[in-house]
Amino acid sequence: DAKTTQPNSMESNEEEPVHLPCNHSTISGTDYIHWYRQLPSQGPEYVIHGLTSNVNNRMASLAIAEDRKSSTLILHRATLRDAAVYYCILRGGEYGNKLVFGAGTILRVKS
Amino acid sequence: GAGVSQSPSNKVTEKGKDVELRCDPISGHTALYWYRQRLGQGLEFLIYFQGNSAPDKSGLPSDRFSAERTGESVSTLTIQRTQQEDSAVYLCASSFGARSSADTQYFGPGTRLTVL
């Protein structure tokens, strides 16, 4: 019961921006929004996280809706290496320290 | 720098045998987590350690599964009397353990367990 909803899959062209949506309508006030990704045959890796404000780091940007019921992970220029399963995860509250993974979004990048 | 390491990378065992999987977390990380990922599925939480204590064991699927951590470092996940449904990749993660929802987890490469 991950309490986030993501599209099953998305496709992007190389060097184009990608917007990966996530709905979390039951988010509580203290829940952080985390994004992890899992490349083929590897363990998950952290991408970005935020609470209320939009966040940027070297990998991606995270845009959080004003009501916090949805968020969007933005990859500014997709590369073939970005092909992975992307997980949007709520952290805190009833889940404590563990990460509760849903099915995620499979991102395919075309050259 | 050194990341989370796990051994063995692959383990093939016969049904009914016991197996031990090892995790070496990042130095200085007080929190350690075990997850399981069956083929084609998402990750399932198994157990969480803070230091050498396990405040959350809620994901362990049966009493055949146990884990311990010593010296606030290495952890071992033990599966007794393995069954075919135990076949999966077992992933370990560690974090600074700041008891914060902003804490980032760093994952190891996993151990692929196959039970024949």
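Before going into details, it helps to say that this report is about the structure given with it. As the structure is a prediction and not an experimental result, all values here were calculated from the model.

## Details of the overall build of chain B
Argument step 1. The secondary structure content of chain B amounts to zero helices and 11 strands.
Argument step 2. Along the chain direction, N to C, the helices and strands of chain B fall in the order β-β-β-β-β-β-β-β-β-β-β.
Argument step 3. For 116 residues, the compact-globule estimate of 2.2 N^0.38 gives 13 Å, and the C-alpha radius of gyration of chain B, at 13 Å, lies within 12% of that figure.
Argument step 4. C-alpha extents for chain B along the principal axes are approximately 40 × 30 × 25 Å.
Argument step 5. For chain B, with 116 residues in total, the buried portion stands at 47%.
Argument step 6. For chain B, restricting intrachain contacts to residue pairs at least 6 apart in sequence, the fraction spanning at least 24 positions comes to 55%.
Argument step 7. Surface summary for chain B: the accessible area is close to 5500 Å², and the carbon and sulfur share equals 45%.
Argument step 8. Across chain B, the mean location of the 12 positive side-chain charges is 3 Å away from that of the 12 negative side-chain charges.

## Observations regarding the side chain of Ser12 of chain A
Residues and elements named next belong to chain A.
Argument step 1. Topologically, Ser12 is positioned in strand 1 (residues 9-13).
Argument step 2. Looking at Ser12, the relative accessible area reads 7%, which means it is buried.
Argument step 3. Those residues in contact with Ser12 that sit more than four places away from it in its chain are Pro17, Val18, Ala78, Leu107, Arg108, Val109 and Lys110.

## A few points about the sheet that holds strand 8 (residues 75-79) of chain B
Residues and elements named next belong to chain B.
Argument step 1. The strand order across the open sheet formed by four strands is 1-3-8-7, and the pairing between neighbours is antiparallel. What marks the edges here is a single partner per strand, and that holds for strand 1 (5-7) and strand 7 (65-69). Across the sheet, the mean angle separating the axes of adjacent strands is 15° when strand polarity is ignored.
Argument step 2. Summarising the sheet, strand 1 and strand 3 (residues 19-24) pair through three bridges and their orientation is antiparallel.

## Here we look at the layout of surface pockets
Argument step 1. The computed volume of the largest pocket comes to approximately 570 Å³.
Argument step 2. Gln38, Ser41 and Gln42 of chain A together with Gln37 and Arg112 of chain B are the residues nearest the centre of the largest pocket, which is lined by 23 residues in total.
Argument step 3. Ranked by residues supplied to the lining of the largest pocket, first place goes to strand 8 (residues 84-91) of chain A with three residues.
Argument step 4. Broken down by class, the residue content of the lining of the largest pocket amounts to 11 nonpolar, 10 polar and two charged.
Argument step 5. Taken as a whole, the second largest pocket holds about 260 Å³ of empty space.
Argument step 6. Those elements that place two or more of their residues in the lining of the second largest pocket are strand 4 (45-50) of chain A together with strand 10 (106-107) of chain B.
Argument step 7. Per-element tally for the lining of the second largest pocket: the top contributor is strand 4 of chain A, with three residues.

## Quick word on the interface of chain A and chain B
Argument step 1. Contacts between chain A and chain B engage 17 residues on the former and 20 residues on the latter.
Argument step 2. Between chain A and chain B, roughly 1500 Å² of surface is buried when both sides are summed, and carbon and sulfur atoms account for 52% of that area.
Argument step 3. Counting the contacts that link chain A with chain B gives one salt bridge.
Argument step 4. Where Asp56 of chain B meets Lys98 of chain A, a salt bridge forms, and the shortest distance between an N and an O atom there is 3.7 Å.

## Focus on the side chain of Thr13 of chain B
Argument step 1. Relative to the helices and strands, Thr13 of chain B resides in strand 2 (residues 10-13).
Argument step 2. Under the relative-accessibility criterion, Thr13 of chain B is labelled buried at 8%.

## Thoughts on the pairing of strand 7 (residues 70-75) of chain A
All names here are of chain A.
Argument step 1. Here six bridges tie strand 2 (residues 18-23) to strand 7, and the two strands are oriented antiparallel to one another. Counterpart to Asn23 in the pairing with strand 7 is Ser70.
Argument step 2. The antiparallel hairpin formed by strand 6 (residues 61-64) and strand 7 contains five residues in its connecting segment, where Arg68 sits at a positive phi of about 65°.

## So, the state of the cysteines
Residue and element names in this part refer to chain A.
Argument step 1. Tallied over the entire structure, the rule returns two disulfides over all chains.
Argument step 2. One disulfide in the model links Cys22 with Cys88; its S-S distance is 2.1 Å. Handedness of the Cys22-Cys88 disulfide follows from its S-S torsion of about -85°: it is left-handed. Highlighted residues: Cys22 in strand 2 and Cys88 in strand 8, separated in sequence by 66 residues.
Argument step 3. We classify Cys88 as buried; its relative accessible area is 1%.

## Comments concerning the sheet that holds strand 2 of chain A
All names here are of chain A.
Argument step 1. As summarised here, the arrangement of the four strands in space is 2-7-6-5, forming an open sheet in which the pairing is antiparallel. At either margin of the open sheet sits one strand with a lone partner, and together these are strand 2 and strand 5 (55-56).
Argument step 2. Judged from the two bridges that link them, strand 5 and strand 6 form a sheet pairing that is antiparallel. Residue pairing across strands places Asn56 opposite Ser61, the latter belonging to strand 6.

Conventions adopted
- Residues numbered from 1 in each chain as written.
- Chains lettered and ligands numbered in written order.
- Predicted model: local features only at pLDDT ≥ 70, side-chain atom pairs only at ≥ 80, totals over all residues.
- Heavy atoms only, no water.
- Helix = DSSP H or I, 4+ residues; strand = E, 2+ residues; numbered from the N terminus.
- Rg over C-alpha atoms; globule rule 2.2 N^0.38 Å.
- Buried < 20%, exposed > 50% of the residue type's maximum accessible area, 1.4 Å probe, protein only.
- Contact = heavy atoms within 4.5 Å.
- Areas by Shrake-Rupley, 256 points an atom, 1.4 Å probe, with all protein chains shown as cover.
- Lys, Arg positive; Asp, Glu negative; His and termini not counted.
- Charge placed at Lys NZ, Arg CZ, Asp CG, Glu CD.
- Pairing = 2+ DSSP bridges.
- Axes fitted to C-alpha atoms, helices over the stretch in contact; angles between N-to-C directions.
- 1 Å grid on protein atoms, 1.4 Å probe; cavity = no way out; pocket = protein on both sides within 12 Å on 5 of 7 lines; lining within 4 Å.
- Points joined across faces, edges and corners; volume = space filled by probe spheres on them.
- Nonpolar A, V, L, I, M, F, W, Y, C, P; charged D, E, K, R; others polar.
- Buried area = accessible area lost by both parts, 1.4 Å probe.
- Salt bridge = Lys/Arg side-chain N within 4 Å of Asp/Glu carboxyl O.
- Disulfide = S-S within 2.5 Å.

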